[in-house]
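# Chain and residue survey
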Amino acid sequence: MAPRMLSLAALGLAVTPALSAASNCSIQTFQSFFDANGTNARVVYAHHYAENSTFVNPNITSAVNPTELPAACAIQVNATTDVNTHFSFGVFFPDTWNQRFFHAAQEGEDINWVDMAVGLRYGFAAVATDTGHTGSDMAGVWWKNPESISDWAWRANHLTSVLGKFLVESFYGQKPKYNYFAGCSTGGRQAMKETQKFPLDYDGVIAACPAWWTTHQQLFNLKQTTFQAPEGSPHTIPMEIFAVIGEEAIRQCDPQDGLVDNIISDPLGCNFDYLPLLCTETKNTSCLTGPQLETLHHIYNDWVETNQTFVYAHSLYGSEVMWSEGGSFGNGSAGNVETQLWYPRQMLGMANFTAEDLDFSLVEYADQTNPGDSSADNYDLAQFYRHGAKLIHYHGHSDATVPPGIGLYYRDHLAATMAPQGIDVDDFYRLFLIPGMEHCYNTPSTMNAPWYIAGPTQASSLSASLHSVPGYQDPKHDILLALIDWVENGVAPEYIIGSHFNSSVDISASTIDKQRPICAYPKMAQYVGSGDINGAANFECKTLY
């Protein structure tokens, strides 16, 4: 069955067929564009994919190859920067183009072809870069050249934007009318960096669960491992107790948001009593000792240092399922600690650094050096705003890797920077906090919250052939379409309806069993008091505080 493309007419622009796309999809065609322009880049792959094909590129090793592609030309380019570093990027040129340009941030260990393909299915010309290296950011020796760190931090994304648009214009004979960028996690950081360092590159940006404050984010993830270390200490919480803590969080916090549904909709407003978790004379299993309770206090509270200096936001009630994932908390094992030492050892150049050396002076040093200028902590988006661009920013409440409180910190500092310039952040920026969503996608099985909004990496996490929301391909349910509607039609999103699928195999409209509005902060979805609690129409956005 051919992939279902969103109606191009509904998106508001006429389509532009690529003349003889198949015959012009060659290394020679694209290399000639670069050669004529004097660009130091080499096209290493070009192949035309017929409709319904599976993407297979011999130059890469990918865990997921996108399937059921629309008819398109795919190319890969190896480029050299003016400081003699190198990066690669890919481009999809759809046979039928909607006159838009889409940049999928790097999310894994190579060019993000699978999320480029998501953009392709909407009709975009889509690009992505490897940011100058393949493999995990935490592995290899790519970071030994300081300029390569800058490639990873911002340069490769910007140059991919510039060169990608050049190729699109050369191939189709016209510039894109609108340009969009989307990414999650460190890809969300890349998205924010684009708005700050190159505010004219894009008209619309989605920064999902962004690890934007690199110098604090990476040290926070290391700090998390110290709560439990060393393994087997009296204060170490056994991993099996995380589930017990999570159940208690739901028991207490779920009713406080006004609706008992196993979803914690307002973890920031929950008054949590720790004592029901405490071991007593008659309760000595599935409970916490005094030292373990102290560890839990560390987890549930912000990282604050000398003179009450805020360093990073804490994990929220409802994030407990993630505590044993991703090398964050674990059992304080040496392996978890070693994984998180990559930033001080590699990026900050402290080869012999140990977790025991972590103190506030390291945070200060990281801020002073900021390797590669990677932190997206410039809150002045006046030029981005004056460009007419829009930024949608979201976090999952159940995210323990990049807790949503750091999104609120960004929002507050953005507003404080823009207000003296007479700019209301609501005119170009929206923050959405998604109840029950973990890092970028998924939800704890204890909640089964409606988290899917077709955001970056979400479609590809469910299927190699998915885009948008099955049966609901509109700006109310799809955050990318909401961004397009805002940029091109001036309709600011007040909410996005999240969806939950009851199947991991059949991702379709028929398996959506729960929908709910996710409101722009500071509003929250509240049940109207009657009707199906799994239906979005029975909720409204209200300001709680």
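Just so we're clear, the structure is a prediction, and the values are computed from it rather than from any experiment.

The rules behind each value
Residues numbered from 1 in each chain as written. Predicted model: local features only at pLDDT ≥ 70, side-chain atom pairs only at ≥ 80, totals over all residues. Heavy atoms only, no water. Disulfide = S-S within 2.5 Å. Helix = DSSP H or I, 4+ residues; strand = E, 2+ residues; numbered from the N terminus. Buried < 20%, exposed > 50% of the residue type's maximum accessible area, 1.4 Å probe, protein only. Core = buried A, V, L, I, M, F, W, Y, C linked by side-chain atoms within 4.5 Å. Contact = heavy atoms within 4.5 Å. Domains from an automatic or database assignment. Buried area = accessible area lost by both parts, 1.4 Å probe. Salt bridge = Lys/Arg side-chain N within 4 Å of Asp/Glu carboxyl O. Polar contact = N/O pair within 3.5 Å; in protein donor to acceptor, adjacent residues only side chain to side chain. Nonpolar A, V, L, I, M, F, W, Y, C, P; charged D, E, K, R; others polar.

## Remarks on the state of the cysteines
- Per the counting criterion, the structure on display carries 5 disulfides.
- Between C184 and C440 runs a disulfide, and the two sulfur atoms are separated by 2.1 Å. The disulfide joining C184 to C440 has a torsion of about -105° about its S-S bond and is therefore left-handed. Separated by 256 residues along the polypeptide, C184 in strand 8 (residues 178-184) and C440 in the loop between strand 13 (429-434) and helix 15 (458-462) bring together distant segments of the chain.
- For C440, a relative accessible area of 5% gives the class buried.

## Here we look at the nonpolar core
- Counting residues in hydrophobic clusters, the biggest one holds 82 residues, and the most contacted among them are F93 and L167.
- Beyond its immediate sequence surroundings of up to four residues, L167 is in contact with F30, F33, F34, I75, V77, F89, V91 and F93.
- Counting residues in hydrophobic clusters, the runner-up holds 54 residues, among them A104, A126, C184 and A208.

## Side note on the domain arrangement of the protein
- The domain architecture assigned to the protein consists of domain 1 (19-176), domain 2 (180-212 + 376-544) and domain 3 (217-371).
- Averaged C-alpha coordinates put domain 1 and domain 3 at centres separated by 38 Å.
- Every contact between the two is made by 6 residues of domain 1 and, on the other side, 5 residues of domain 3.
- Counting the surface lost from both domain 1 and domain 3, the interface buries some 640 Å², and carbon and sulfur atoms represent 74% of this.
- Summed over the shared surface of domain 1 and domain 3, the result is 0 salt bridges.
- In this assembly, domain 1 and domain 3 are joined by 1 residue pair in polar contact (both at pLDDT 80 or more).
- Per-class residue counts for the side of domain 1 that touches domain 3 are 5 nonpolar, no polar and 1 charged.

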